[in-house]
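A closer look at the structure
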Amino acid sequence: MSQADPGAVDEPSAELHAVAPRLRALRRGASLTLEAAARAAALSPAHLSRLETGQRQPSLPMLLTLARVYGTTVSELLGEAVPERDAVVRAADMEAAPAGGWTYWQAGSAGRGMQALRVHVPYGSQGDIVRVHPGEEWLYVLKGRLRLRLGDTAHVLEPGDSAHFDSMTPHRIAAAEHDGAELLFVHTLLQSPVAALCLGPAAGHPTPGETS
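What comes next concerns the included structure. If you're wondering where the values come from, they're calculated on a predicted model, not measured in any experiment.

Here we come to unusual backbone geometry. Here A42, not a glycine, exhibits a phi torsion of approximately 60°, which is positive. Taking the relative accessible area as the measure of exposure, A42 reaches 71% and is therefore exposed.

Turning to the pairing of strand β2 (residues 102–106), a few remarks are in order. For β2, a buried count of four out of five residues is recorded, marking the element as mostly surrounded by other parts of the structure. Relative to β2, strand β1 (residues 96–99) runs antiparallel, the two being bridged by four bridges. What sits directly across from A99, in β2, is W102. The antiparallel pairing of β1 with β2 creates a hairpin that spans two residues between the two strands, and G100 there sits at a positive phi of about 60°. Here four bridges tie β2 to strand β3 (residues 115–121), and the two strands are oriented antiparallel to one another. If you follow W105 over to β3, its bridge partner there is R118.

Time to look at the packing of helix α3 (residues 45–52) against helix α4 (residues 60–70). At their nearest, the axes of α3 and α4 sit 14 Å apart, and the two run at 95° to each other. Relative to α4, the element α3 lies roughly perpendicular. Every residue of α4 that contacts α3 at H47, L48, L51 and E52 is listed here: M62, L66 and Y70.

Further remarks concern the packing of aromatic side chains. Going through the model one piece at a time under the given rule, you end up with two aromatic pairs. Look at W102 and Y104: their rings are 6.3 Å apart centre to centre, the planes differ by 40°, and that puts the pair in the tilted class. Accessibility classification places W102 together with Y104 in one group, the buried group. Relative to Y140, the ring of W138 has its centre 6.1 Å away and its plane inclined at 20°; by these criteria the two rings are stacked. A relative accessible area of 30% means that W138 is categorised as partly exposed. Classification of Y140 as partly exposed rests on a relative accessible area of 29%.

A word on the environment of L32. On the secondary structure map, L32 appears in the loop between α1 (14–29) and α2 (34–40). L32 gets classed as partly exposed once you look at its relative accessible area, which sits at 24%. Separated by 37 residues in the primary sequence, L32 and V69 place their C-alpha atoms 9.6 Å from one another.

Reading the values: rules and limits
Residues numbered from 1 in each chain as written. Predicted model: local features only at pLDDT ≥ 70, side-chain atom pairs only at ≥ 80, totals over all residues. Heavy atoms only, no water. Buried < 20%, exposed > 50% of the residue type's maximum accessible area, 1.4 Å probe, protein only. Helix = DSSP H or I, 4+ residues; strand = E, 2+ residues; numbered from the N terminus. Pairing = 2+ DSSP bridges. Axes fitted to C-alpha atoms, helices over the stretch in contact; angles between N-to-C directions. Parallel < 35°, antiparallel > 145°, perpendicular 65-115°, else oblique. Contact = heavy atoms within 4.5 Å. Phe/Tyr/Trp six-rings, centres within 6.5 Å; stacked < 30°, edge-to-face > 60°.

Written out as structure tokens, the structure is:
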């Protein structure tokens, strides 16, 4: 069996030819030079150029990164039709979605570059789970006290306190009191289902919280 030439250029597909010009158009629409966009996406200008000309196929993580750099969604990069989204979300339309012991309410439109949620964190649920994932997170405590650990630093947040951090920083979130905590939560991990935000055990199998 013959071995593939490691220096060979990937054979471009029809779908890839459709993505490539959109990558170029979105970069130009964001008023970014090839060099600036490549630097923001942690790519070489030559690699980004090959993506824009269809000589290389972008991976999903690369598409996520480029979508963030250009302020859009992976769906738009892929040319998928995006349904009309209401700018206003009424309280009556927010359905509770339990996952991993926590409860989530969508507080924003699906498919946006940011996902906004209202979250109830019960005491003793997922408190020992370390989360690490791409994106940024912002949270604001509405009710109760929240224990937040960022790397090696522990914080206790009171109602009205907020935190904004790079979610590649290892972090743990737990309610600090038996009544639990309620918070607003915004993150930039594109196109994530609500259940994926828990990054913990399946519903019905909560883990013990941190001890004070």
